[in-house]
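For reference, the chains in residue letters:
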Amino acid sequence: MTEPTSSVSGTAPESATRGIDARGPRFGAALTAVLLAVVLVLQGTSPDRNVGALVVLAVVVAGFALGAFGGVQRTWQAAVFRTLVAPRLAPPTEREDPRPPTFAQLVGFVITGVGLVLGLLGAPYAVLVAAGLAFVAAFLNAVFAFCLGCEIYTAAVRVRGARA
């Protein structure tokens, strides 16, 4: 998305009009993928490491919560990108509407949140499944710039527009 759209919900919020650096969410997805890989490695190796997997997954869930409810620009990954990475890069050549990545954060929050709750309740494969699904999505975004949550958002907007 190179051009922020304002027809999604009538009037675009200020941040959607300006847009966000499209490289930020990809960087955030890379950091998230690394954490999720740690969860996958730790989970199931021993009872002590299962606790570690739950703790790391809780960090991921908290990050998704920040992005889903505060906006993708308010995640800890965005702060790292803004302070450590962006100053070393050329100015962005494209901006994107923050609403699709924010929705993607909500999808990640739901998937990993359910996995965390079920894992805490003792469901045997919940953490592996949730972390695996989220890892695939984060990896696709980080490596191929393909955001599954953003695609779901775009499809939902099209369906909603077709019904109107």
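Provided above is the structure to which this section pertains.
Residues numbered from 1 in each chain as written. Predicted model: local features only at pLDDT ≥ 70, side-chain atom pairs only at ≥ 80, totals over all residues. Heavy atoms only, no water.

Caption draft 1: Fine view of the packing of aromatic side chains. Under the criterion given, the structure shown has 5 aromatic pairs. Between Phe103 and Tyr153, the aromatic rings sit 5.8 Å apart at their centres with planes inclined by 50 degrees, giving tilted as the arrangement. Here the residue Phe103 occupies a position in helix α5 (residues 99-120), and Tyr153 occupies one in helix α7 (residues 148-163), the gap between them amounting to 50 residues. Take Phe103: its relative accessible area is 26%, and that puts it in the partly exposed class. (Phe/Tyr/Trp six-rings, centres within 6.5 Å; stacked < 30°, edge-to-face > 60°. Helix = DSSP H or I, 4+ residues; strand = E, 2+ residues; numbered from the N terminus. Buried < 20%, exposed > 50% of the residue type's maximum accessible area, 1.4 Å probe, protein only.)

Caption draft 2: Inspection of the nonpolar core at higher detail. If you look at the biggest cluster of nonpolar residues, it comprises 16 residues, and the most contacted ones within it are Leu36, Val39, Leu57, Val60, Leu116 and Val127. Put simply, the parts of the chain that give this core at least two residues each are α2 (23-42), α3 (47-70) and α6 (126-144). Take this core: its biggest share by element is 7 residues, from α3. Setting aside residues no more than four positions away along its own chain, Val39 makes contact with Ala53, Val56, Leu57, Val127 and Ala131. (Core = buried A, V, L, I, M, F, W, Y, C linked by side-chain atoms within 4.5 Å. Contact = heavy atoms within 4.5 Å.)

Caption draft 3: Structural detail: the state of the cysteines. Taken as a whole, this structure holds 1 disulfide when the rule is applied. At a sulfur-sulfur separation of 2.4 Å, the disulfide partner of Cys147 is Cys150. Between Cys147 and Cys150, the disulfide has an S-S torsion of 70 degrees and is therefore right-handed. (Disulfide = S-S within 2.5 Å.)

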